[in-house]
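# Topology and contacts: notes
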Amino acid sequence: MKWDKLCPFAAVQEENYVIKILFVCHGNICRSPMAEFIMKELAGRAGRQEDFIIDSAATSAEELGNDMYPPAKKMLQEKGIPFTRRAARQIRRGDYEYYDYIIGLDSYNIRNLESFFNGDPEGKISMLLGRPVADPWYTGDFETTYDDLIEGCGRLLERL
């Protein structure tokens with residue numbers, strides 16, 4: 001994993017510092033919004049919701065404005081993870097400056113992020129588990145995706 005390449009948390013930790021996390025997948029209708037709401041829920045359960053700003057985005061423009069994919073919503077609902085209606089958005093140039101952690105959910109997203117941001121000079125871009133999270137849009141396996149996201153978000157929360 002590239003966690004050590006990310007901004008060292010000790011260097012940015014100060015009283016009232018809010019950690020900004022952006023999860024990124026291809027369309028921002030399955031994996032990245034699931035990760036966003038899972039991370040928000042885990043932070044809330046830990047009493048740390050005020051410590052974070054958590055969002056998600058897409059590398060593509062294919063699903064802009066669309067809400068989360070219904071089977072992704074269904075999986076979160078079955079697992080007791082609250083979510084709200086949202087509109088898919090694409091990454092923006094200013095996201096690199098704003099977010100402390102930009103978490104791509106597969107190697108394709110990592111390559112697109114590094115290309116879009118002209119590299120990763122501050123080491124903010126990383127893969128959640130150090131390996132791809134399968135895209136349920138293609139696999140239809142939302143359970144495995146959910147399990148990977150719970151594991152990855154849990155590790156991230158512990159790290160931060």
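Just above sits the structure.
Figured I'd write up the structure that's included with this text. Small disclaimer: the values here were computed from a predicted structure and weren't measured.

## As for the side chain of serine 32
- When you line up the elements, serine 32 lands in helix H2 (residues 31–45).
- A relative accessible area of 0% means that serine 32 is categorised as buried.
- Side-chain polar atoms of serine 32 contact the side chain of asparagine 28, separated by 2.8 Å.

## Quick word on the packing of H2 against helix H7 (residues 142–159)
- Interaxial distance between H2 and H7 falls to 9 Å at its minimum, and their mutual angle equals 45°. If you check the angle between H2 and H7, you find them oblique. Viewed along their axes, H2 and H7 form a crossing whose handedness is right-handed. Only Phe142, Thr145, Tyr146, Leu149, Ile150, Cys153, Gly154, Leu156 and Leu157 of H7 make contact with H2, whose side of the interface consists of Arg31, Met34, Ala35, Ile38, Met39, Leu42 and Ala43.
- Its residues placed into classes, the contact of H2 with H7 shows 13 nonpolar, two polar and one charged.

## Observations regarding the environment of aspartate 120
- Tracing the chain through its elements places aspartate 120 in the loop between helix H5 (107–116) and strand S4 (125–127).
- Along the primary structure aspartate 120 and tyrosine 96 are separated by 24 residues, whereas in three dimensions their C-alpha atoms are 8.7 Å apart.
- At a separation of 2.6 Å, a polar atom in the side chain of aspartate 120 contacts the side chain of tyrosine 96.

## A word on helix H3 (residues 70–78)
- Looking only at H3, the buried set comprises Ala72, Met75 and Leu76. Buried residues along H3 cover an arc of 95° about the axis, so they all sit on one side. Opposite the buried face of H3, at more than 90 degrees from it, the exposed residues are Pro70, Lys74, Gln77 and Glu78.
- The elements touched by buried residues of H3 are H2 and H7.
- Two residues or fewer after H3 comes glycine 80, characterised by a positive phi angle close to 75°.

Criteria and cut-off values
- Residues numbered from 1 in each chain as written.
- Predicted model: local features only at pLDDT ≥ 70, side-chain atom pairs only at ≥ 80, totals over all residues.
- Heavy atoms only, no water.
- Helix = DSSP H or I, 4+ residues; strand = E, 2+ residues; numbered from the N terminus.
- Buried < 20%, exposed > 50% of the residue type's maximum accessible area, 1.4 Å probe, protein only.
- Polar contact = N/O pair within 3.5 Å; in protein donor to acceptor, adjacent residues only side chain to side chain.
- Axes fitted to C-alpha atoms, helices over the stretch in contact; angles between N-to-C directions.
- Parallel < 35°, antiparallel > 145°, perpendicular 65-115°, else oblique.
- Left-handed = near helix turned anticlockwise from the far one by under 90°.
- Contact = heavy atoms within 4.5 Å.
- Nonpolar A, V, L, I, M, F, W, Y, C, P; charged D, E, K, R; others polar.
- Arc of directions from axis to C-beta.

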